[in-house]
Amino acid sequence: MRTLSKIIKYQLNDVFRSKWVVVYTAFFFLISYGLLTFSHDSSKVLVSLLNVIIIVIPLISIVFGTIFLYNNKNAITFLLSQPVERKLLYIGLYLGLIIPLTLSFIIGTIIPVIIFFKVFNENFTTFLLLIGAGIFLTMIFGGIAFLISTYNEDRLRGLGISIFTWLLLSALYDGIVLLLLQVFQEYPLEKVSIALSILNPVDLARIIVILKFDVSALMGYTGAVFQNFFSGGLGFIIASSALLIWIILPLFMGMRKFIKKDF
Amino acid sequence: MININRLVKNYGRFEVLKNIDLSIEKGKINYIVGPNGSGKSTLIKIILGLVKPTGGEVFIGEHKINSDSDYRSKIGYMPQAASFPENLKVREVIEMVKDLRNHKSDFDLDLTEKFRLEREMRKKLCDLSGGTRQKVNAAIAFMFNPELLILDEPTAGLDPVSSSILKDKIIKERNAGKTIILTSHILSELEELADNVIFLLEGRIYFYGTLSKLILTTEQKNLERAIASIMNGAPV
């Protein structure tokens, strides 16, 4: 554990000095501040913020994560020539990236909310849920990024796969699901659609936050089924477990490869 | 000091090291020579645990290398071109290595002083010139009094003054009983420093022994010709 905390300490020291952390924080600050200046309706602001977070966080986490490992390849080799366990280095690098990304997102988003605190009197729990969703997405896509760059030596190929993965989970997946629902519309598909949304972390994060608004009524019968499922104890446990599996599985697979890899 | 038995390394179908047996003596400067792609770096990296062998085993002293990492606290490694976390200052990188190696006292600051690195300590690694990075690299490799020093083309990129400081240091450490493994393409350096020569060609060891033995067995006038004759397939 002591070695791990040392690795994280030096990684944070390194990463916090790079400009992209400032840019990433400023981005969320401007979005959050901008939305709050345009509208004082907290529900509207939260839905807009949700849409930005759902798109931007996975993209930035997966692209930064991939580039981060490629750019640090020689530094990683140097650290591995020291008495440092590979497993610990991998986790240390991961946390060294995830912590700054998460803090940038939280600080950037939360400062305007503190400034306009009165607006959020009612929906503050939903806002916290939104922050939670952002943290989960950062951790999931950071892990996927590490998995991709550990498996691919060629950085261009790795970056291509990362961007495709993001596109698949953020956009194409919904299209495919819609198509399936359309084709099999004569069958009862509520359970299938719940299962399909659990399989995609982006959908999962979106649904968990959306269901906090009273919009499920607008989504008809399916909305009611989702509401029932995700607000119930079992549904919540399944949804949280799915998010945890999405964090742990890519990280574990990437780590296994990292341990066996040649540098 | 180092015993290598039947070491094999394949990258896919490509055989880089073919059944290598080698026993490296303690307290000697061992030069690994060979053309590009002969497997020098792979051999070094296997000893360091950076590359996993396909077959065979490597012992450092009594210790067999597998996936553990503690044995590396006895090794000082100077890669061809070192890269450290870019945004850290020189001082912080040194602190980091001290911290990771859990090495708290008895530092060898000889090279830090002779390379005058004191004035570079506050600079970020990304602001240093290639040569200065290489000096930092060397200073760190020697700093922890390691029993084994692995130096991959250590003088490449250094100016003549720094290069001779480093060579003096290598000899000094050898005299103090340290084992040193070096790779280099510079033959004059080899003549000056090497106790033993390991000649690697296409993943096999063609020769291991002293310099004079190399010249004697190849029946050539000097080292350059001796090496050229091995490369051209002379029996050794």
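On a predicted model such as this, the values are computed, not experimentally measured, just so you know.

S.K.: Which residues make up the overall build of chain B, and what values go with them?
M.R.: The helix and strand tally for chain B stands at 8 helices and 10 strands. A compact globule built from 236 residues would reach a C-alpha radius of gyration of about 18 Å, and chain B, at 18 Å, matches this within 12%. Its C-alpha atoms put chain B at 55 × 40 × 35 Å along the principal axes. A buried classification covers 53% of the 236 residues belonging to chain B. For chain B, long-range pairs separated by at least 24 residues make up 69% of all intrachain contacts whose partners lie at least 6 apart in sequence. Within the structure as shown, chain B displays about 10,600 Å² of accessible surface, and the carbon and sulfur contribution to it stands at 46%. Between the centroid of the 34 positive side chains of chain B and the centroid of its 31 negative side chains there is a distance of 2 Å.

S.K.: I'd like to hear about the side chain of Thr165(A), residue by residue, with values.
M.R.: Residues and elements named next belong to chain A. One can find threonine 165 in helix α7 (residues 155–183). Using a relative accessible area of 16% as the deciding quantity, one classes threonine 165 as buried. If we skip the residues at most four places from it in the chain, threonine 165 touches Ile62, Ile144 and Ile148.

S.K.: Lay out empty space enclosed by the protein with the relevant residues and their values.
M.R.: Where empty space is left becomes clear once a probe the size of a water molecule has been rolled over the atoms. All names here are of chain B. According to the stated counting rule, one finds 1 cavity of 30 Å³ or more in the structure shown. Considered as a void within the structure, the largest cavity measures approximately 40 Å³ in volume. Every residue lining the largest cavity is listed: Ile60, His63, Tyr71, Lys74 and Ile75. Residues belonging to the lining of the largest cavity are distributed by class as follows: 3 nonpolar, 1 polar and 1 charged.

S.K.: Account for the interface of chain A and chain B, with residues named and values stated.
M.R.: For interface size, the figure often reported is the accessible area lost on association. At the junction of the two partners, chain A supplies 27 residues and chain B supplies 30 residues. Both faces considered, chain A and chain B share a buried interface measuring about 2,600 Å² in area, 56% of it formed by carbon and sulfur atoms. Put simply, chain A and chain B have 4 salt bridges between them. Residues Glu92(B) and Arg17(A) are paired through a salt bridge, measuring 2.7 Å at the closest nitrogen-oxygen approach. Our count for the contact surface shared by chain A and chain B stands at 15 residue pairs in polar contact (both at pLDDT 80 or more). Sort the elements by how many residues they give to the side of chain A that touches chain B and helix α1 (residues 2–15) of chain A lands first, with 8 residues. Of the residues contributing to the side of chain A that touches chain B, the split by class is 10 nonpolar, 7 polar and 10 charged.

S.K.: I'd love a proper account of helix α2 (residues 19–38) of chain A, names of residues and values included.
M.R.: Residues and elements named next belong to chain A. Relative to the 28 Å expected for 20 residues at 1.5 Å per residue, α2 spans 28 Å between its end C-alpha atoms, a close match to the ideal helical length. Buried residues of α2: Val21, Tyr24, Thr25, Phe28, Ser32, Gly34 and Leu36, and no others. Close packing links the buried residues of α2 with α1, α3 (42–71) and α5 (86–115).

S.K.: Before we move on, can you summarise α1(A) with the specific residues and values?
M.R.: A rise of 1.5 Å per residue sets the reference length of α1(A), with its 14 residues, at 20 Å; its end C-alpha atoms lie 20 Å apart and thus fit the reference within 8%. Listing the buried residues of α1(A) in full gives Leu4(A), Lys6(A), Ile7(A), Ile8(A), Tyr10(A), Gln11(A), Leu12(A), Asp14(A) and Val15(A). Check the buried side of α1(A) and you find it contacts α2, α3, α4 (73–80) and α5 of chain A together with α2 (90–101) of chain B.

S.K.: Residue-level account of the packing of α3(A) against helix α9 (residues 201–210) of chain A, with values.
M.R.: All names here are of chain A. Between α3 and α9, the least distance of the axes is 11 Å, while the angle of their chain directions is 160°. One finds that α3 runs roughly antiparallel with respect to α9. As for the relative orientation of α3 and α9, their crossing is right-handed in sense. When α3 is examined against α9, the residues Leu50, Ile54 and Pro58 are found in contact with a partner set consisting of Val202, Ala205, Arg206, Val209 and Ile210.

S.K.: Let's hear about the sheet that holds strand β2 (residues 14–24) of chain B: which residues, and what values?
M.R.: All names here are of chain B. Strand order across the open sheet formed by 4 strands is β2-β1-β4-β5, with antiparallel pairing between neighbours. With one partner strand each, in any of the chains shown, β2 and β5 (63–64) form the two edges of the open sheet. Across 5 bridges, the pairing between strand β1 (residues 2–11) and strand β4 (residues 55–60) is antiparallel. If you follow valine 8 over to β4, its bridge partner there is glycine 55. Against the sheet, helix α1 (residues 40–48) engages β1, β2 and β4, with an angle of about 115° to β1.

S.K.: A description of the sheet that holds strand β8 (residues 179–183) of chain B should follow, citing residues and the corresponding values.
M.R.: Residue and element names in this part refer to chain B. Taken in spatial order, the 6 strands line up as β6-β7-β8-β3-β9-β10 in an open sheet, and their pairing is mixed. On the outer flanks of this sheet lie β6 (75–78) and β10 (204–210), each paired with one strand and no other. For this sheet the average axis-to-axis angle between neighbouring strands, irrespective of direction, equals 15°. Bridging between β6 and strand β7 (residues 148–152) involves 4 bridges; their strand directions are parallel. When the bridges of β7 are listed, isoleucine 75 appears paired with leucine 148.

S.K.: Hey, could you go over the nonpolar core for me, with residue numbers and the actual values?
M.R.: Judged by nonpolar contacts, the single largest core of 148 residues is most densely connected at Leu89(A), Ile2(B), Ile4(B), Ile140(B), Leu166(B) and Ile170(B). Per element, the largest residue contribution to this core is 12 residues, and it comes from α3(A). Discounting residues that sit within four places of it in the chain, Ile4(B) has contacts with Ile20(B), Asp21(B), Leu22(B), Leu43(B), Ile47(B), Glu57(B) and Val58(B).

Conventions and cut-offs
- Sequence positions are assigned chain by chain, starting from 1 and proceeding in written order.
- Ligands are numbered from 1 and chains lettered from A, in the order in which they are written.
- Reporting of local features is limited, given that this is a predicted model, to residues whose pLDDT is at least 70; pairs of side-chain atoms are given and counted only at 80 or more, and all residues count toward the totals for whole chains, interfaces and linings.
- Only hydrogens and water are set aside when side-chain values are computed; all heavy atoms of the structure are taken into account.
- Helix numbers and strand numbers start at the N terminus; a helix is a DSSP run of H or I with at least 4 residues, a strand a run of E with at least 2.
- Radius of gyration: C-alpha atoms only; globule rule: 2.2 Å multiplied by the number of residues to the exponent 0.38.
- Between buried and exposed lies partly exposed: a residue is buried under 20% and exposed over 50% of the maximum accessible area for its type, with that area taken using a 1.4 Å probe on protein chains only.
- Any two residues whose heavy atoms approach within 4.5 Å are treated as being in contact.
- A 1.4 Å probe and the Shrake-Rupley method give the accessible areas. Residues count as covered only by the protein chains that appear here.
- In this tally Asp and Glu are treated as negative and Lys and Arg as positive; neither His nor the chain ends contributes.
- Charge coordinates come from a single atom per side chain, which is NZ of Lys, CZ of Arg, CG of Asp or CD of Glu.
- Using a 1 Å grid laid over the protein atoms alone, points where a 1.4 Å probe fits but cannot get out form a cavity; open sets with protein on both sides within 12 Å along at least 5 of 7 lines form a pocket; any residue with an atom within 4 Å of a point counts as lining.
- Grid points are joined across faces, edges and corners, and a volume is the space filled by probe spheres set on the points.
- Ten residue types, Ala, Val, Leu, Ile, Met, Phe, Trp, Tyr, Cys and Pro, are classed as nonpolar, four, Asp, Glu, Lys and Arg, as charged, and the remainder, Gly among them, as polar.
- Buried area: the sum, over both parts, of the accessible surface (1.4 Å probe) that disappears when the two are put together.
- The salt bridge definition used is simple: a Lys or Arg side-chain nitrogen within 4 Å of an Asp or Glu carboxyl oxygen.
- Under this definition, polar contacts are N or O atom pairs within 3.5 Å; protein pairs additionally need one hydrogen-donor-capable and one acceptor-capable atom, and for neighbouring residues in sequence, both atoms have to be side-chain atoms.
- What a helix should span is 1.5 Å times the count of its residues minus one.
- Lines are fitted to the C-alpha atoms to define the axes, a helix being fitted only along its stretch in contact, and any angle between axes, read from their N-to-C directions, falls within 0 to 180 degrees.
- Roughly parallel here means an angle under 35 degrees, roughly antiparallel means over 145, roughly perpendicular means 65 to 115, and every remaining angle is called oblique.
- By definition, turning the near helix anticlockwise from the far helix through less than a right angle yields a left-handed crossing, and turning it clockwise yields a right-handed one.
- By this definition, two strands are paired if DSSP reports at least two bridges between them.
- As used here, the term nonpolar core means buried Ala, Val, Leu, Ile, Met, Phe, Trp, Tyr and Cys residues forming a set that is joined through side-chain atoms within 4.5 Å.

In short, shape yes, function no, at least from these values alone.
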